[in-house]
Amino acid sequence: MANEDQFKKVISHAKEYGYVFQSSEIYDGLSAVYDYAQNGAELKKNIRDYWWKAMVQMNENIVGIDAAIFMHPTTWKASGHVDAFSDPLIDNKDSKKRYRADVLVEDYCAKIEKKIEKEVKKAEKRFGDAFNKEEFVSTNGRVLGYQEKIDIILKRLGQSLEKEDLADVKALIEELEIADPLTGSRNWTDVKQFNLMFGTKLGASAETAMDLYLRPETAQGIFVNFLNVQKTGRMKIPFGIAQTGKAFRNEIVARQFIFRMREFEQMEMQFFIKPGTQKEWFEHWKAHRMKWHLSLGMGNDNYRFHDHEKLAHYADAATDIEFKFPFGFKELEGIHSRTDFDLKQHEEFSSKKLQYFDHEANASYTPYVLETSIGLDRMFLAVFSNALRDETLDDGSVRTVLKLPAVLAPTKAAVLPLVKKDGLPEIARQIIDDLKWDFNVIYDEKDAVGRRYRRQDAAGTPFCITVDHDTLKDNTVTIRHRDTMEQQRVKIEDLRDIIKKEVDVKHWLQKMK
Ligand code: GAP
């Protein structure tokens, strides 16, 4: 299936199976705002728990907090968001559509990258088993030419943005003859900076109300609480503070479903370290976070690091973990070595000391910070899009199956009485009553059992348990595995252990070792 079709299928499947709905759909929706439905809320919670367990529960020196979304407005002055949290936007005068200027250029480069992929595919066909991709891309003249073009364009874009030379960004768009993707018009305005923070007001009367922002990242709630947590938790450096929560950004181009939203959720961890040790901690967290991703078994080839050449002013190293979404490799998680920038800024703006007293060295210092930051919604999209498959079976029929990692699946098992009589529904209900203490389980008696299996496959349920007439005789049931479609006859009393073995967080997180 072409990538675009696959992505459309992901979006419609997410709606049809109760994962993601457009927000306020009855009023025609709100752009780039989504609601998580009954299954989506469970999947999201399971991803959040999987992250929390790996970061907080498994690390003695990391604790979790839950800071407020509203913060004192000076926070955002200190963090640099008031002055610098903006994207370069450009309007098309004919279509009146607004775009991110840098994204237009990046999309142009992505098209060249597609040409490279085409060349590789062609060569793969031609050379068969003898094909060596690495050698081909590093020697083929056409591929090297494409790559050089991409490098030159991206380098110029990076330099212009760094120098705030927005006129040159526009010149680049014009030189490349980039057109409005919707209308083909090349009638562009100048490029302007646009601050992404949403403003709101706190207070009952218009005169006294205080201007606030909805937080654009959760990280600042951690920085301002650094000393509170360190003292009350008697934390010794190195230590981390983690949190998950909503963040808000008035994205100029919000598209690609839940990939780029205006209201989204982050899972962030700030690791406070001794200055000078940042390089080794950067490598540590890079490796550790990649292991977390790989533990879910979504395909090692679907991940790659993208080290930043152009660093934010506060960072001395940065990398993205990119994932292969249906629309290509894109950032899933960011890992930044943020130096002491944030704590120093908050010290300056609050006039409060945010230092750590090192008993061994008998001296105080401002810690450096290593940050890991992943979007929960983006992780949801990675998991969901990777799991959705159309499989052709031996009999030629096609089944749609959502192969979610069992640990994350919203419902772990469906219990199905073969028929709605002869006492089978009652036994199925008893099994549910017993299993629901440990897992999310559901009861389903509608339609033929084959159709029920397919329904659960498409919903992502790892197990179906069927109660039939033999159950009445020997207390056994059939358990069917979603991924292999294998069926086993097992004792009812063994069900809990069989399911637990496959869905237990421990079983999955141990793969990180
Ligand atoms: N505290 C650092 C920070 O916020 P970021 O790269 O701007 O860094 C971190 O964001 C992660 O948050 C990204 O890797 C992405 O997964 C997620 N994210 C950022 N903007 C998003 C958006 N508009 N919609 C969904 N997820 C977003």
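Further up the page is the structure itself.
So, here is what we can say about the structure in this document. Residue numbers restart at each chain and count upward from 1, following the sequence in its written direction. Given that the model is predicted, a residue must reach a pLDDT of at least 70 before its local features are reported, and side-chain atom pairs must reach 80 or more before they are shown or counted; all residues, however, enter totals for whole chains, interfaces and linings. Hydrogen atoms and water are omitted, and side-chain values are computed over all heavy atoms in the structure.

1. Looking at the site of the ligand
Alright, step 1. Here a residue counts as near a molecule or strand whenever at least one of its heavy atoms sits within 4 Å of it. Looking at the ligand, there are 19 residues lining it, with Glu 217, Glu 251, Met 261, Glu 268 and Glu 331 nearest.
Alright, step 2. Polar contacts, as used here, are pairs of N or O atoms within 3.5 Å; protein pairs need one atom able to donate a hydrogen and one able to accept it. Residues neighboring in sequence count only if both atoms are side-chain atoms. At a separation of 2.9 Å, an oxygen atom of the ligand approaches a polar side-chain atom of Arg 249.
Alright, step 3. Note that an oxygen atom of the ligand is positioned 2.5 Å from one of the side-chain N or O atoms of Glu 331.
Alright, step 4. Helix and strand labels come from DSSP, where a helix needs a run of H or I of at least four residues and a strand needs a run of E of at least two; each type is numbered from the N terminus. Of all the elements in the fold, those that place two or more residues in the shell around the ligand are strand E10 (263–273), strand E13 (328–337) and strand E16 (368–375).
Alright, step 5. No other element matches E13, which puts four residues into the shell around the ligand.
Alright, step 6. Classifying every residue of the shell around the ligand by side-chain character gives five nonpolar, four polar and 10 charged. In this classification, the charged set is Asp, Glu, Lys and Arg, the nonpolar set is Ala, Val, Leu, Ile, Met, Phe, Trp, Tyr, Cys and Pro, and all remaining amino acids, among them Gly, are polar.

2. Quick look at the packing of helix H2 (residues 38–57) against helix H11 (residues 278–294)
Alright, step 1. Angles run from 0 to 180 degrees between N-to-C directions of axes, and those axes are lines fitted to C-alpha atoms, restricted for helices to the stretch in contact. Between H2 and H11, the shortest axis-to-axis distance is 11 Å and the interhelical angle comes to 140 degrees. In terms of orientation, H2 lies oblique with respect to H11. Between H2 and H11 the crossing geometry is right-handed. Here Ile 47, Tyr 50, Trp 51, Ala 54 and Met 55 of H2 come into contact with H11, specifically with Trp 285, Arg 289 and Trp 292.
Alright, step 2. Partitioning the contact of H2 with H11 into residue classes produces seven nonpolar, no polar and one charged. Should an angle fall under 35 degrees it is called roughly parallel, over 145 degrees roughly antiparallel, and 65 to 115 degrees roughly perpendicular, with every other angle called oblique. A clockwise turn of the near helix away from the far one marks a right-handed crossing, whereas an anticlockwise turn of less than a right angle marks a left-handed crossing. Residues count as neighbours in contact if any of their non-hydrogen atoms are within 4.5 Å of one another.

3. Remarks on helix H1 (residues 3–16)
Alright, step 1. Given a helix with a known number of residues, its expected span is that number minus one, times 1.5 Å. The terminal C-alpha atoms of H1 lie 20 Å apart, and with 14 residues this matches the ideal 20 Å at 1.5 Å per residue to within 8%.
Alright, step 2. Within the span of H1, buried status applies to Gln 6, Phe 7, Val 10, His 13 and Ala 14. Buried residues along H1 cover an arc of 125 degrees about the axis, so they all sit on one side. Residues of H1 that are exposed and point over 90 degrees away from its buried face: Glu 4, Lys 8 and Glu 16.
Alright, step 3. Its buried side turned inward, H1 meets strand E1 (20–22), helix H13 (376–387), strand E17 (388–392), strand E18 (398–402) and helix H15 (449–459).
Alright, step 4. Gly 18 occupies a position one or two residues after H1 and carries a positive phi of about 70 degrees. Each residue's exposure class comes from its accessible area (1.4 Å probe, protein chains only) as a fraction of the maximum for that residue type: buried when under 20%, exposed when over 50%, partly exposed otherwise. Read the arc as the range of directions from the helix axis to the C-beta atoms.

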